Amino acid sequence: MSALTPIYWLLGAYFARIAWRAWHGAAPRPRTRTAFYATLSVLFAFGDWMPAQLAGALVLLVAAIAGFGLPESTSSQSAQAADRGRSQLLWPILLIPALTVALTLLIPKLALSWLSGANVAVVALVVACGTALPLALAITRERAMHAIDAGGDLFEAIGWAAMLPLLLAVLGSVFAAAGVGDALATLLGAWLPLDVRWVAVIAYGLGMALLTMLMGNAFAAFPVIAGGIGLPFLVNVHGADPAPLAAIGMLSGYCGTLLTPMAANFNLVPVALLDLKDRYAVIRAQVPTALPLLAGNLILIGVLCFR
Amino acid sequence: MLTLALLPLAVVVLGFAARQHPARVVLLAMLTAGLVALPSVSAFLELVGTQFLKARYLLVLMFALPVIAILERHGLRALAAQLVRGWKGVRTGRLLLAYLALRQGSAALGLTSLGGHAQMVRPLVAPMAEAADGDKHGEPPSTGAQSLSGPAAQAPVVRIGTRLSAYERRSSPPLTQGGNNSQSLLGENLTQLARNGSDRNSSEEVRALAAATDNVGLFFGEDLFLAFGAVLLMQAFFAERGIELTPLSIALWGIPTAILAFVIHGARLLWRDRRR
């Protein structure tokens, strides 16, 4: 049991509540939506106690419902107040980031044995939200259950897009296990004259961006491209300085992140959150920044790695 | 074997080029990769299950939703828009430039939670940027806030319907036309940029730009932070292969790109102010 287990119980209960409301509500496709959220509820609350194979089968079920049965993301903005609220409404929304930051700085100082590393930020955010909720309830004079159900409606409005980052994290691991990235790096190495320095520079920078676009994650692309092109050719053959090579290579990958629907939590979730009609609206808004920046990165690699 | 391992990548490319539902693309790519390379069904399911359970923390943003939803129902976004109208000379580009500086600067200090699409962009940044855009057009003060709720509140059911039919139309042509599809996507994009007339398009564009600004600030800020995962990942990668790099040197070499990102995206934002 990790420090996050109680948080997953809460999320499981939250999904159970959404499933219950989907079953009893008037919105279309109640059974599909109930099945989706009930399966998620079981995965989140009891995932640690079931055989991993069963969890895997349930994940495939969730993905199948998301892809074939679940309604498209709905409008998430129908219940907006037309009037402007009182200015106190700003306090809870500003408290969340402020308290999260304060706690991420404070918790490591306590040197708790059960809470460290990446879990700190997660726990900090949960505690901050848990503190902001009573404050928001006091300001708006609403009941807690009403707020929780309003949040549930918002989650349903985001719909499958909210689940996609988790499915993509799984896909990245399956790709890694299947050696997909390595195959691509081998192919590039076999076809391109990487003993020419500028070819190697372009293959490295574009390769980072391209593989990141395909895998949705620059972290997954880095070992493949740096191991396939960066180290054997740029460092060992051409004598590139590894520190700028690593840093700018990773940032070339980030240019790819700006361009791909596979980076769902950055590029697709905001489409649902902001109720945009075009699924690729955020990516389109990022293209004119990402492409010149990628070109600039290639030049920077060529200049800074070979001083 | 080499070409077989590339099959899942082909599924991803063709799936998105044919504008298939992202969840379907992911599911199909996952099954292809499992089929091509994993020893047994049981090993495949075990990997999928284990990795999903590890990734559950990604949904922690759910805890912020009740707070945001309840505040929005009491007029938070109209409030944010109203605040902006009180500021003299405010424009969308300048406002987003200030947010870019804030987001990138705080991410460089490791404070990545001072932002985000659910916590900041949806409730505050997007309505503010829209309000700044509306005032530029000399519209009455209330329009900006209502354009947030207006089109959505009118007829969500009809909108879902149109979206689905557009969807089926797009996914019907055979996969070989994927290239054409992506070209028409680019064409649409250009015409949309050129047109830029209707307020509704403009409001969509402003919201998308607000989300894009958050992403650019985060991505090209966080890499300057010494203890950030990517920096440590790069250091570990080279250390395993006998090359010792300090986190400081990796973070410092990120600075030129960070500046370039700020200049390029910032120039786009300011250019937008001039153009309109």
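This text follows the structure it describes.
Below, the structure is looked at part by part. (Residues numbered from 1 in each chain as written. Chains lettered and ligands numbered in written order. Predicted model: local features only at pLDDT ≥ 70, side-chain atom pairs only at ≥ 80, totals over all residues. Heavy atoms only, no water.)

### So, the overall build of chain B
No. 1: Looking only at helices and strands, chain B features 14 helices and 0 strands.
No. 2: Counting from the amino terminus, helix and strand elements in chain B follow one another as α-α-α-α-α-α-α-α-α-α-α-α-α-α.
No. 3: Counted over contacts in chain B with a minimum sequence separation of 6, partners at least 24 positions apart contribute 74%. (Helix = DSSP H or I, 4+ residues; strand = E, 2+ residues; numbered from the N terminus. Contact = heavy atoms within 4.5 Å.)

### Some points on a nonpolar patch on the surface
No. 1: On the surface, L226, L248, L252, I255, I259, F262 and V263 of chain B cluster together into a nonpolar patch covering about 580 Å² of accessible area.
No. 2: Structurally, the position occupied by I255 of chain B is in helix α14 (residues 255-275). (Patch = residues over 30% accessible without salt bridge, like charges linked within 9 Å, V, L, I, M, F, W, Y side chains within 5 Å. Areas by Shrake-Rupley, 256 points an atom, 1.4 Å probe, with all protein chains shown as cover. Salt bridge = Lys/Arg side-chain N within 4 Å of Asp/Glu carboxyl O.)

### Structural notes on the packing of helix α7 (residues 160-178) of chain A against helix α3 (residues 41-54) of chain B
For any two helices packed against each other, the geometry comes down to the angle between their axes and how far apart the axes lie.
No. 1: As a packed pair, α7 of chain A and α3 of chain B sit with axes 9 Å apart at the nearest point and diverge in direction by 135 degrees. It follows that α7 of chain A is oblique to α3 of chain B by the angle criterion. Considering only the axes of α7 of chain A and α3 of chain B, their crossing is right-handed. Between α7 of chain A, through M163, L166, L167, V170, S173, V174 and A177 of chain A, and α3 of chain B, the contact on the second element is made entirely by F44, L47, V48, Q51 and F52 of chain B.
No. 2: Looking at the contact of α7 of chain A with α3 of chain B residue by residue, the classes come out as 10 nonpolar, 2 polar and no charged. (Axes fitted to C-alpha atoms, helices over the stretch in contact; angles between N-to-C directions. Parallel < 35°, antiparallel > 145°, perpendicular 65-115°, else oblique. Left-handed = near helix turned anticlockwise from the far one by under 90°. Nonpolar A, V, L, I, M, F, W, Y, C, P; charged D, E, K, R; others polar.)

### So, the interface of chain A and chain B
No. 1: In this assembly, 139 residues from chain A lie in contact with 121 residues from chain B.
No. 2: For the pair chain A and chain B, the number of links is 3 salt bridges.
No. 3: With a closest N to O distance of 3.7 Å, R73 of chain B and D153 of chain A form a salt bridge.
No. 4: On inspection of chain A and its partner chain B, the count reaches 20 residue pairs in polar contact (both at pLDDT 80 or more).
No. 5: When residues of the side of chain A that touches chain B are assigned to their parent elements, the largest contribution, 16 residues, is made by α7 of chain A.
No. 6: The residue makeup of the side of chain A that touches chain B, split by class, is 97 nonpolar, 28 polar and 14 charged. (Polar contact = N/O pair within 3.5 Å; in protein donor to acceptor, adjacent residues only side chain to side chain.)

### Topic: the packing of aromatic side chains
Geometry of an aromatic ring pair is reported as the spacing of the ring centres plus the angle between the planes.
No. 1: Taken as a whole and assessed by the stated rule, the structure comprises 13 aromatic pairs over all chains.
No. 2: A ring pair is formed by F15 of chain A and Y37 of chain A, whose centres lie 6.3 Å apart and whose planes are at 20 degrees; its orientation type is stacked. In this pair, F15 of chain A sits in helix α1 (residues 5-24) while Y37 of chain A sits in helix α2 (residues 30-46), placing the two residues 22 residues apart along the sequence. Taken individually, F15 of chain A and Y37 of chain A each receive the classification buried, so the pair is uniform in this respect.
No. 3: Taken together, the ring pairs in this structure connect Y8, F15, F36, Y37, F44 and F155 of chain A together with F52 of chain B into an aromatic cluster.
No. 4: The ring of F306 of chain A carries R197 of chain A above its face, with NZ or CZ at 4.0 Å from the centroid. (Phe/Tyr/Trp six-rings, centres within 6.5 Å; stacked < 30°, edge-to-face > 60°. Buried < 20%, exposed > 50% of the residue type's maximum accessible area, 1.4 Å probe, protein only. Lys NZ or Arg CZ within 6 Å of the ring centre and 35° of its normal.)

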